[in-house]
Structures are given as C-alpha cells and as structure tokens.
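# Analysis of the macromolecular model
Listed below are the residues making up each chain.
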Amino acid sequence: MAASKKERTFIMIKPDGVQRGLIGEIIKRFEQKGFSLQAMKFIQCTEDFMKQHYADLSSKKFFPGLVKYMSTGPVVAMVWSGLGVVKTGRVMLGETDPAASKPGTIRGDFCVEIGRNACHGSDSVESAEKEIKLWFKPEEIVEWTSCQEKFVYED
Ligand code: UDP
Ligand code: MG
C-alpha cells in the first residue's frame, strides 16, 4: 500500500474485554479485516496513566469511575495500521453505548453497559497519533509489510 494511504490507530482491549476472554476475538476481527498489527502490549496501568489517556474527558461526571475502573486489571494496547483504519476501527467497535451498537460490531455482539464496553479506539487521526505516543516508545512499533497486503489492496 502506498505510504501516503497508511494510517494508524490505537486500539485497546479494556479490563472487561480481557476478563471475558475476548482478546483473541477482538484481535481476530482486525486481523481478518486486513489491517496490520504494528505494536502490542499486555499491561496493567495506574489510575494516573489512565487519567492521561482520557484527559479530554476529565470534566465528565463519569471520569473518576472510568479511570479507576480502567486501572483495575490488565488491558491489551495495540497499534493497527491500514487504509482508513481510524474510522473503520470505530465502526468495528460500535457505538459508545453497547445498547445502541449494531450486531456485528464488537460492542453490539459482546457488551451490555456503557462502562463495560470492552474496547477503546481512537476517534481521529490526531488523537490516534497522540495516544500511540502516550502508550508506545518508537522502538516498540514494528514497521513490517504483511504478505497479504497485495491481496487486500488494489495496485
Ligand atoms: N463512558 C461511561 N459513561 C458515559 C460515557 C462514556 O462510562 O456516559 C465510558 C465508556 O466506557 C467509553 C469511555 O468512557 O468508552 C470513553 O468515552 P468516549 O465518549 O470517548 O467513548 P468512546 O470513544 O470509547 O466510544
Ligand atoms: Mg473516545
């Protein structure tokens, strides 16, 4: 794929997604779609770190509960790349509220409540780059080309 078409997003499997055994299922969906994994870590973060990750939401009523919950267990942090991966990644996740998420989406298929919606995905190219920088050192990101690429993309 032309480098100019490449885009990156930050996807995280939240503590409920990990506890409910959805790691493989969520990774599978991104892999089978044709996106490419560039970085991944399994990690339990502090509440302070989650405050940085969700800094834009600090004025919301649900913020204290959110950052506390996010630090209660391990998460899987990932960078995925591909054409339109930010927007398409959000579509694959579903709506923030699982009750509004369509079947076929991760939240629509596996979740019930908004505060236990299994996964996070960057909402824009800018926030993706910001989140990737927060979660990963440059040397943790692997630049590679999947052999599938020439069959996923047109010339
Ligand atoms: N959230 C919540 N209550 C709300 C809104 C959001 O607990 O009323 C949680 C929910 O888990 C969501 C996260 O806060 O995924 C971040 O909110 P955002 O609006 O960024 O939703 P997202 O981008 O994850 O869809
Ligand atoms: Mg968000």
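See the structure printed just above.
In this report, we go over the structure that sits alongside the text. (Residues numbered from 1 in each chain as written. Chains lettered and ligands numbered in written order. Predicted model: local features only at pLDDT ≥ 70, side-chain atom pairs only at ≥ 80, totals over all residues. Heavy atoms only, no water.)

## Quick word on the pairing of strand β3 (residues 75-82)
Short version of the rule: Accessibility here uses a 1.4 Å probe with only protein chains present; expressed as a share of the type maximum, an area under 20% marks a residue as buried, one over 50% as exposed, and anything in between as partly exposed. Counting from the N terminus, the helices are DSSP H or I runs at least four residues long and the strands are E runs at least two residues long. We treat two strands as partners when DSSP finds at least two bridges between them.
For β3, the buried fraction is high: eight of the eight residues fall into the buried class. Direction of pairing for strand β2 (residues 36-43) relative to β3: antiparallel, over a ladder of seven bridges. In the sheet register, K41 faces β3, and the bridge partner there is A77.

## Some thoughts on unusual backbone geometry
Residue A118 is not a glycine yet carries a positive backbone phi of 70°. With respect to the secondary-structure elements, A118 resides in the loop between α6 (106-110) and β4 (119-121). Judged by relative accessible area, which is 0%, A118 ranks as buried.

## Some details on the packing of helix α2 (residues 23-33) against helix α5 (residues 85-93)
Put simply, the test is: Only the stretch in contact is used when fitting a helix axis, every axis being a line fitted to C-alpha atoms; angles between N-to-C directions are given from 0 to 180 degrees. In this scheme, roughly parallel covers angles under 35 degrees and roughly antiparallel covers those over 145, while 65 to 115 is roughly perpendicular and the rest are oblique. Note on convention: near helix rotated counterclockwise from far helix by under a right angle means a left-handed crossing. Clockwise means right-handed. Whether two residues touch is decided by their heavy atoms; if any such pair falls within 4.5 Å, the residues are in contact. Gly is put with the polar residues, along with every residue not named as nonpolar or charged; the nonpolar set is Ala, Val, Leu, Ile, Met, Phe, Trp, Tyr, Cys and Pro, and the charged set is Asp, Glu, Lys and Arg.
Remark: α2 packs on α5, axes separated minimally by 12 Å, with the N-to-C direction vectors making an angle of 135°. Taken together, the axes of α2 and α5 are oblique relative to one another. For the element pair α2 and α5, the recorded crossing hand is right-handed. Side by side, α2 and α5 meet where R29, F30 and K33 of the first sit next to T88, G89, M92 and L93 of the second. Residues belonging to the contact of α2 with α5 are distributed by class as follows: three nonpolar, two polar and two charged.

## Description of the side chain of R29
Here R29 shows up in helix α2. Given a relative accessible area of 19%, R29 falls into the buried group.

## Examining the site of ligand 1
Basically, it comes down to this: Near, as used in this document, describes a residue that has one of its heavy atoms within 4 Å of the molecule or strand being considered. For this analysis, a polar contact is any N or O atom pair within 3.5 Å, provided that within protein one partner can donate a hydrogen and the other can accept it, and provided that sequence-adjacent residues contribute only side-chain to side-chain pairs. For each structure, a 1 Å grid was placed over the protein atoms alone; sets of points admitting a 1.4 Å probe that cannot get out are labelled cavities, open sets with protein on both sides within 12 Å along at least five of seven lines are labelled pockets, and lining residues have an atom within 4 Å of a point. Molecule-in-pocket calls rest on the fraction of atoms, with more than half required to lie within 2 Å of the cavity or pocket grid points.
Neighbouring residues of ligand 1: K14, Y54, L57, F62, L66, R90, T96, R107, I114, G115 and N117. Separating an oxygen atom of ligand 1 from a side-chain N or O atom of R107 is a distance of 3.2 Å. Counting atoms within 2 Å of the grid points, the majority share of ligand 1 lands in the largest pocket. Of the residues that constitute the shell around ligand 1, the class distribution is five nonpolar, three polar and three charged.

## Some thoughts on the pattern of salt bridges
This is how the line gets drawn: Between Lys or Arg on one side and Asp or Glu on the other, a salt bridge is scored when a side-chain nitrogen of the former is within 4 Å of a carboxyl oxygen of the latter.
This structure, assessed with the given rule, holds six salt bridges. The salt bridge partner of E129 is R8, with a shortest N-O separation of 2.7 Å. Of this pair, E129 sits in helix α7 (residues 125-135) while R8 sits in strand β1 (residues 7-13), placing them 121 residues apart in sequence. Under the relative-accessibility criterion, R8 is labelled partly exposed at 23%. Here E25 ties to K28 by a salt bridge, and the two come within 3.7 Å at their closest N and O atoms. With a gap of three residues between them, E25 and K28 both fall in helix α2, about one helical turn apart. Each of the salt bridges in this network shares a partner with another, and the network as a whole consists of E25, K28, R29 and D109.

## Re the nonpolar core
Let me state the cut-off plainly: The term nonpolar core refers to a set of buried residues drawn from Ala, Val, Leu, Ile, Met, Phe, Trp, Tyr and Cys, joined through side-chain atoms within 4.5 Å.
Ranked by internal contacts, the top residues of the largest apolar core, which has 19 residues, are F10, M12, M50, M70, W135 and F136. If you list the elements that add at least two residues to this core, you get β1, α3 (47-53), α4 (63-70), β3 and α7. The dominant element in this core, judged by the number of residues it contributes, is α4, at five residues. Residues in contact with W135, not counting those within four places in the same chain, are F10, M12, K41, I43, C45, F49, M50, H53, V75, A77 and E140.

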